[in-house]
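Take a look at the letters that make up each chain.
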Amino acid sequence: MSAEPVATAPAKGPRHVALIMDGNGRWAQRRGLPRAVGHREGVQALRRTIKAAPELGVQCLTVFGFSTENWSRPADEVSDLMGLVRAFVGSDLNRLEAAGVRVKVLGRRTGLPEDIAAIVARAEAQTAHNDKFLLQVAFNYGGRADLADAAQLLVDRARAGEDFIVDEEALGAGLSTAGAPPVDLIVRTSGEQRLSNFLLWEAAYAEMVFQEILWPDYGPEALAEAIAQFACRQRRYGGREVIDTAYGEAAV
Ligand code: FPP
């Protein structure tokens, strides 16, 4: 990560930012280019954003790389996206490890091409000792599927005769995001305003920022602007008092 800060972190910044990286296709279309070029530029934007996040006080970034619904795209586009993951891990994993980044991949491993499943396992194992920054990549991920899998874990425990209760803590512990700090801010680019099955449970008290910028144009300035919007929000968690969860204080 660069030594030169690109922007100043506001006093009330989010600890955990989740990004729906939308608009790669439109970015390419507007330039008369193939969608694959938009996705490739999207990876560059992801690199810029990962670098900027800790400089803006963010400790955890979760990005939506490929959803359980993205399998319905044409085979060549699916193949392009898989290829980008291979290339990204191949070119960036050592640098991320050296920068103290822990990589976690959210989502189902079943259904992934074998080599991608192996790449995912390698990225997680190689960075498991890091604790400076957490990068969660949602890949073959769907919020509903993740909740269903967490419920299945509880059913398995019941079948095994274990003593347990079904409550928010137990269900949350079975989600692929268990252990990460609470999501403070969800950003979606490209002007669309929906969650599209991303972090359904975790979004409960997250602030949302929707930005017009298309994902391939994203970077430090856009992230700083989203964080500035977050810093103006007042979070009450259903109560009357404003709760300051900036940089992890009093997060529930
Ligand atoms: C949405 O744009 C973006 C995606 C479906 C994929 C996001 C992937 C990347 C940024 C790169 C690969 C990721 C990793 C983790 C290396 P869209 O195609 O839906 O755009 P559109 O709505 O304009 O068509």
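Residues numbered from 1 in each chain as written. Predicted model: local features only at pLDDT ≥ 70, side-chain atom pairs only at ≥ 80, totals over all residues. Heavy atoms only, no water.

- Naming follows an unreviewed UniProt entry, where the protein chain appears as Isoprenyl transferase of Brevundimonas guildfordensis.
- Turning to the protein chain, the UniProt annotation filed under Subunit (unreviewed entry) states: "Homodimer."
- Quoted straight from UniProt, the Function (unreviewed entry) entry for the protein chain says "Catalyzes the condensation of isopentenyl diphosphate (IPP) with allylic pyrophosphates generating different type of terpenoids." (UniProt positions renumbered as here; feature names shortened; annotations may be inferred.)

**What to know about the UniProt feature "binding site: Mg(2+)" (unreviewed entry) in the protein chain**
Then comes step 1: Mapped onto the present numbering, the UniProt feature "binding site: Mg(2+)" (unreviewed entry) falls on Asp22 and Glu207.
Then comes step 2: Among the structural elements, Asp22 can be located in the loop between β1 (16-20) and α1 (24-30).
Then comes step 3: Apart from the residues lying within four places of it in its own chain, the contact partners of Asp22 are Arg188, Thr189, Ser190, Glu192, Leu214 and Trp215.
Then comes step 4: By secondary structure assignment, the location of Glu207 is in strand β6 (residues 207-210).
Then comes step 5: When residues no more than four places from it in sequence are discounted, the contact partners of Glu207 are Asp184, Leu185, Ile186, Phe230, Arg233, Gln234 and Arg235. (Helix = DSSP H or I, 4+ residues; strand = E, 2+ residues; numbered from the N terminus. Contact = heavy atoms within 4.5 Å.)

**Here we look at the side chain of Arg235**
Then comes step 1: Looking at the secondary structure, you find Arg235 in the segment after α7 (220-231).
Then comes step 2: A polar contact of 2.8 Å, which involves the side chain of Arg235, links it to the backbone oxygen of Tyr205. (Polar contact = N/O pair within 3.5 Å; in protein donor to acceptor, adjacent residues only side chain to side chain.)

**What about the sheet that holds β6?**
Then comes step 1: Read across the sheet, 6 strands follow the order β3-β4-β2-β1-β5-β6 without closing on themselves; strand pairing throughout is parallel. The open sheet is flanked by β3 (101-106) and β6, the only strands paired with a single partner. Each strand of the sheet is rotated relative to its neighbour by a mean of 20 degrees, with strand direction disregarded.
Then comes step 2: Direction of pairing for β1 relative to strand β2 (residues 60-67): parallel, over a ladder of 4 bridges. Across the sheet, His16 pairs through a bridge with Cys60, a residue of β2.
Then comes step 3: In the packing of helix α2 (residues 35-55) onto the sheet, the strands contacted are β1, β2 and β4 (133-141), and the crossing angle to β2 comes to about 160 degrees.
Then comes step 4: The sheet contacts of helix α4 (residues 114-127) involve β3 and β4, and relative to β3 the element is tilted by about 145 degrees. (Pairing = 2+ DSSP bridges. Axes fitted to C-alpha atoms, helices over the stretch in contact; angles between N-to-C directions.)

**Side note on the site of the ligand**
Then comes step 1: Not every one of the 17 residues close to the ligand is listed here, only the nearest: Met21, Gly25, Arg26, Arg35 and Arg73.
Then comes step 2: The contact in question runs from an oxygen atom of the ligand to an N or O atom on the backbone of Gly25, over 3.0 Å.
Then comes step 3: The contact in question runs from an oxygen atom of the ligand to an N or O atom on the side chain of Arg35, over 2.8 Å.
Then comes step 4: Here the ligand, which alone exposes 630 Å², has 91% of that area covered by the protein.
Then comes step 5: Listed by contribution, the elements that provide at least two residues to the shell around the ligand are α1, α2 and α3 (75-98).
Then comes step 6: In terms of residue count, the dominant contributor to the shell around the ligand is α2 (4 residues).
Then comes step 7: Of the residues contributing to the shell around the ligand, the split by class is 6 nonpolar, 7 polar and 4 charged. (Near = heavy atom within 4 Å. Areas by Shrake-Rupley, 256 points an atom, 1.4 Å probe, with all protein chains shown as cover. Nonpolar A, V, L, I, M, F, W, Y, C, P; charged D, E, K, R; others polar.)

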